[in-house]
Amino acid sequence: MAKTLNLTNNLYEYLLSVSLREPEILFQLREETTRHPRANMQVAPEQGQFLAFLVQLIGAKKILELGVFTGYSSLSIALALPPDGKIVACDISEEFTSVASRYWQQAGVADKIDLRIAPATDTLETLLAQGQAETFDFAFIDADKENYYRYYELALQLIRPGGLIAIDNVLWSGRVTQLDIQDSTTTAIRDFNSKLSQDNRIDLSLIAIADGLTLARKRQKNID
């Protein structure tokens, strides 16, 4: 049976060598973040490029990001946006996002990014209260896993029909298949994956990139 390759280190390096087009500013941010105590929270470079590719593919201009950390994913996306593109970026850490803000400034995209330091649910509920339902084109969810389904439900209201939600870490280093692991984070991701597999409001694909990336396309009402 044909299936996705299990990448060896050599094959992964080859993949990067023939496909990664990483601007110098992104490389510098990635290098700085590797020295951060929580460097494992950063998206992989090929994943950042893939997110930017998706944004360009669907012609997205209005973006939601839940979980900024040091800003690699938001910078990747911002560099791919047209001049009038905007990102509402949600995080709770001023410390982590201070690194992100510095690189956004250096890259000349700070005016495209509206950083909200607050619980993401508060920000999303505020956007809905402001009448912004179905006005966003794309959302990237990469925040605390226990709240993934809540974030997804709010993002689904904010995304337009035909828009796309990308959710990171859905394979959770393979722990989702190890049923003897029952910590709250792992069980939350398992439950989240199971719920999305049955959600007829979306078209769904789980991509084996980095730590697993789910793509959920909001279906057109009464059309597809």
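Here, the structure is the one placed above.
Residues numbered from 1 in each chain as written. Predicted model: local features only at pLDDT ≥ 70, side-chain atom pairs only at ≥ 80, totals over all residues. Heavy atoms only, no water.

**Overview of the pairing of strand β7 (residues 213–218)**
Burial analysis of β7 places 5 of its 6 residues in the buried class, the great majority of the element. Where strand β5 (residues 159–168) lies against β7, 5 bridges are found, and the strand directions are antiparallel. Directly across from Ile-165, in β7, lies its bridge partner Ala-216. Where strand β6 (residues 202–207) lies against β7, 6 bridges are found, and the strand directions are antiparallel. Counted as the bridge partner of Ile-207 is Leu-213 from β7. Connecting the antiparallel pair β6 and β7 is a turn made up of 5 residues, with Ala-210 showing a positive phi of about 55°. (Buried < 20%, exposed > 50% of the residue type's maximum accessible area, 1.4 Å probe, protein only. Helix = DSSP H or I, 4+ residues; strand = E, 2+ residues; numbered from the N terminus. Pairing = 2+ DSSP bridges.)

**Regarding the sheet that holds β6**
With mixed pairing, 7 strands are arranged side by side in an open sheet as β3-β2-β1-β4-β5-β7-β6. Each edge of the open sheet carries a strand with a single partner, namely β3 (113–117) and β6. Along the sheet, successive strands turn relative to each other by an average axial angle of 15°, direction set aside. Of the pairings in the sheet, the one linking strand β2 (residues 86–91) to β3 comprises 5 bridges and is parallel in character. Bridge pairing in β3 links Ile-87 to Ile-113. (Axes fitted to C-alpha atoms, helices over the stretch in contact; angles between N-to-C directions.)

**Focus on helix α7 (residues 148–158)**
Counted residue by residue, α7 has 8 buried out of 11 residues, so it is predominantly covered. Listed in full, the buried residues belonging to α7 are Tyr-148, Tyr-151, Tyr-152, Glu-153, Leu-154, Ala-155, Leu-156 and Leu-158.

**Some points on the environment of Ile-117**
Mapped onto the elements, Ile-117 comes out in strand β3. Spatially, the C-alpha atom of Ile-117 lies 19 Å from that of Arg-38, the residues being 79 residues apart in sequence.

**Let's talk about a nonpolar patch on the surface**
Judged by side-chain polarity, Leu-5, Leu-7, Leu-11, Tyr-14 and Val-18 come together as a nonpolar surface patch covering roughly 500 Å² of accessible area. Within the fold, Val-18 resides in helix α1 (residues 9–19). (Patch = residues over 30% accessible without salt bridge, like charges linked within 9 Å, V, L, I, M, F, W, Y side chains within 5 Å. Areas by Shrake-Rupley, 256 points an atom, 1.4 Å probe, with all protein chains shown as cover. Salt bridge = Lys/Arg side-chain N within 4 Å of Asp/Glu carboxyl O.)

**Focus: the side chain of Thr-185**
Inspection of the secondary structure assignment puts Thr-185 in helix α8 (residues 184–197). Given the relative accessible area of 16%, Thr-185 is considered buried.

**Examining the packing of aromatic side chains**
For the structure on display, the rule yields 5 aromatic pairs. Here Tyr-148 and Phe-192 contribute two aromatic rings whose centre-to-centre distance is 5.5 Å and whose plane-to-plane angle is 65°, an arrangement assigned as edge-to-face. One end of the pair, Tyr-148, is in helix α7; the other, Phe-192, is in helix α8, with 44 residues separating them in the sequence. Of the residues examined, Tyr-148 reaches a relative accessible area of 1% and is grouped as buried. Considering the side-chain rings of Tyr-152 and Phe-192, the 5.9 Å spacing of their centres and the 85° angle between planes classify their relative orientation as edge-to-face. Here the residue Tyr-152 occupies a position in helix α7, and Phe-192 occupies one in helix α8, the gap between them amounting to 40 residues. A single burial state applies to Tyr-152 and to Phe-192, both of which are buried. Every member of this aromatic cluster is reached through a ring pair, and the members are Tyr-148, Tyr-149, Tyr-152 and Phe-192. Sitting above the plane of the Phe-136 ring, Lys-62 keeps its charged end 4.5 Å from the centroid. Above the face of the Tyr-149 ring, Lys-195 is positioned so that its terminal group lies 4.4 Å from the ring centre. (Phe/Tyr/Trp six-rings, centres within 6.5 Å; stacked < 30°, edge-to-face > 60°. Lys NZ or Arg CZ within 6 Å of the ring centre and 35° of its normal.)

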